[in-house]
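Structural description and commentary
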Amino acid sequence: LETQHANEINREDVAFVERLADRAAVAIKNARLYEEIHAANKAKSEFVSLVAHELRVPMTSIKGYTDLMNSGMAGPLSDMQKEFLTVIQRNLERMSSLIRDLSDINRIESGRMKFEFQDFALQTIVDDVLGSLRERIEARNQTLIVEMAEGLTAVHADPTRIAQVFANLVSNAHKYTPDGGQIVVRVKQGERVTAVTVQDNGIGISEEDQAQLFTQFFRSEDQLVREQQGWGLGLSIVRKMVEAQNGEISFESELGRGSTFTFTIPLANIEV
Ligand SMILES: Nc1ncnc2c1ncn2[C@@H]1O[C@H](COP(=O)(O)OP(=O)(O)O)[C@@H](O)[C@H]1O
Ligand SMILES: [Mg+2]
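Residues numbered from 1 in each chain as written. Chains lettered and ligands numbered in written order. Predicted model: local features only at pLDDT ≥ 70, side-chain atom pairs only at ≥ 80, totals over all residues. Heavy atoms only, no water.

Regarding the overall build of the protein
A count of helices and strands for the protein gives seven helices and seven strands. Listed N to C, the secondary structure of the protein is α-α-β-α-β-β-α-β-β-α-α-α-β-β in terms of helices and strands. In terms of overall dimensions, the protein is more spread out than a globule: its C-alpha atoms have a radius of gyration of 26 Å, far above the 19 Å expected for 272 residues. Taken along the three principal axes of its C-alpha coordinates, the protein extends 100 × 50 × 40 Å. In the protein, buried positions account for 35% of the 272 residues. Counting contacts in the protein only where the partners sit at least 6 residues apart, residues at least 24 apart contribute 73% of the total. In the form shown here, the protein has an accessible surface area of approximately 17,500 Å², with 52% of it arising from carbon and sulfur atoms. Put simply, the protein has 29 plus and 40 minus side-chain charges, and the middle of one group is 4 Å from the middle of the other. (Helix = DSSP H or I, 4+ residues; strand = E, 2+ residues; numbered from the N terminus. Rg over C-alpha atoms; globule rule 2.2 N^0.38 Å. Buried < 20%, exposed > 50% of the residue type's maximum accessible area, 1.4 Å probe, protein only. Contact = heavy atoms within 4.5 Å. Areas by Shrake-Rupley, 256 points an atom, 1.4 Å probe, with all protein chains shown as cover. Lys, Arg positive; Asp, Glu negative; His and termini not counted. Charge placed at Lys NZ, Arg CZ, Asp CG, Glu CD.)

The following block contains the structure:
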């Protein structure tokens, strides 16, 4: 500290300046850390985009040739060849679902995900999503019950993204419910939001697992979970998407009894 009156600096002043210097040092350190984290996140995001793109290109080619062979264009196929092609296709589907999820996370985290907000009726979304999953649900003899409240009015969000959220929850209910189980979808309207609930009477989630449910790549250690295909990215994407559309997501679950997931969407013409 510069002063004309050296002898006027007392011990209190020194202590004060020391405290100030400590604070400044911490602030500078935090700023550096923040910059480093910011740079690391940006690098991660760029890396994921690059890898996703580089993987998509050869996958498109593998898929194209697999489809061609399947269609018999390259000559007749033996049963064994057909079976092998089916395995290739299934694994391609797994890879592309991972790439899609990673790209989505990347876009949400970097603020590059575009939401096309509009007013729309949920009925179509519910019908479309359930229509596309119905075959898989029936294949496992699961009962699907849909309860849409009367007189639902339009909601305000991105219909494609809401469909994605809903499909994720129904797909989880389907995957984590044993054969013959039951899935119930309920749509109810409140004063400001519409709530969509997906309930299953499946394997449920332990309290320990519940704490980590929305963490990227989290999957329960449970054997019944591990035998289903998945990357543990669905719920983390779902939560981010719901929140980006001004909704909320919650759940209740009991191990061995089933789970209920609910998300909300603001009604059209309501200030959020
Ligand atoms: N309806 C459900 N019933 C039981 N467990 C569930 C349910 N939904 C999600 N989980 C648990 O949460 C984990 C994360 O789900 P998610 O992010 O969708 O990933 P994935 O389905 O790819 O495993 C699942 O692996 C499972 O352990
Ligand atoms: Mg899932």
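Quick look at the sheet that holds strand β2 (residues 143-148)
As summarised here, the arrangement of the five strands in space is β2-β4-β5-β7-β6, forming an open sheet in which the pairing is mixed. Strands with a single pairing partner mark the edges of an open sheet, and in this sheet they are β2 and β6 (249-254). With direction set aside, neighbouring strand axes in the sheet form an average angle of 10°. (Pairing = 2+ DSSP bridges. Axes fitted to C-alpha atoms, helices over the stretch in contact; angles between N-to-C directions.)

Focus on the environment of Val185
Mapped onto the elements, Val185 comes out in strand β4 (residues 182-189). Residue class for Val185 comes out buried when judged on its relative accessible area of 0%. Put simply, Val185 and Gln142 are 43 residues apart on the chain and 13 Å apart in space, counted from C-alpha to C-alpha.

A word on the packing of helix α3 (residues 122-139) against helix α4 (residues 159-175)
A pair of packed helices is characterised by two quantities: the angle between their axes and the separation of those axes. Two elements in contact, α3 and α4, have axes whose closest approach is 10 Å; the angle formed by their N-to-C orientations is 35°. Considering how the two elements wind past one another, α3 and α4 form a crossing that is right-handed. In contact with Leu122, Ile125, Val126, Val129, Leu130, Leu133, Arg136 and Ile137 of α3, α4 contributes Pro159, Ile162, Ala163, Phe166, Ala167, Val170, Ser171 and His174. Looking at the contact of α3 with α4 residue by residue, the class counts come to 13 nonpolar, two polar and one charged. (Left-handed = near helix turned anticlockwise from the far one by under 90°. Nonpolar A, V, L, I, M, F, W, Y, C, P; charged D, E, K, R; others polar.)

Looking at the site of ligand 1
In the vicinity of ligand 1 there are 21 residues, among which Asn172, Tyr176, Asp200, Arg219 and Leu235 approach most closely. Trp231 is positioned such that a nitrogen or oxygen atom in its backbone is 3.0 Å from an oxygen atom of ligand 1. Measuring from an oxygen atom of ligand 1, one finds a backbone N or O atom of Gly234 at 3.2 Å. Protein chains shield 97% of the accessible area of ligand 1, which is 530 Å² for the free molecule. Elements supplying a minimum of two residues to the shell around ligand 1: α4, α7 (234-244) and β7 (258-266). Considering each element in turn, the shell around ligand 1 owes the most residues, three residues, to α4. By residue class, the composition of the shell around ligand 1 is 11 nonpolar, seven polar and three charged. (Near = heavy atom within 4 Å. Polar contact = N/O pair within 3.5 Å; in protein donor to acceptor, adjacent residues only side chain to side chain.)

Some remarks on α7
Three or more residues of α7 are buried, namely Gly234, Leu235, Ser236, Ile237, Val238, Met241 and Val242. For α7, the elements touching its buried residues are α2 (79-109), α4, β6 and β7. With its phi angle positive at about 65°, Asn246 sits one or two positions after the end of α7.

Section: unusual backbone geometry
The residue Phe217 is not glycine, and still its phi comes out positive at about 70°. Position of Phe217 relative to the elements: it lies in the loop between α5 (207-210) and α6 (223-226). A residue is classified by how much of its surface remains accessible, and Phe217, at 47% relative accessible area, is partly exposed. Phi at Asn246 takes a positive value of approximately 65°, unusual for a residue other than glycine. You can call Asn246 partly exposed: its relative accessible area is 42%.

Remarks on the nonpolar core
In this structure, Leu122, Ile162, Phe166, Leu169, Phe263 and Ile265 are the most contacted members of the largest nonpolar core, which totals 42 residues. Counting only elements with at least two residues in this core, the list comes to α2, α3, β3 (155-157), α4, β4, β5 (193-200), α7 and β7. The residues that make up this core include at least three from each of domain 1 (1-113) and domain 2 (118-266). Beyond its immediate stretch of four places on either side in the chain, Phe263 contacts Ile162, Val165, Phe166, Leu169, Thr194, Ala195, Val196, Val242, Glu248 and Ile249. (Core = buried A, V, L, I, M, F, W, Y, C linked by side-chain atoms within 4.5 Å. Domains from an automatic or database assignment.)

A few points about the domain arrangement of the protein
Many authors give the size of an interface as the accessible area that is lost as the parts come together. The domain boundaries assigned to the protein delineate domain 1 (1-113) and domain 2 (118-266). With centres defined by C-alpha atoms, the gap from domain 1 to domain 2 works out at 26 Å. Residue-level contacts link 10 residues of domain 1 with 12 residues of domain 2. Summed over both partners, the interface of domain 1 with domain 2 comes to about 1,000 Å²; 68% of that surface belongs to carbon and sulfur atoms. (Buried area = accessible area lost by both parts, 1.4 Å probe.)

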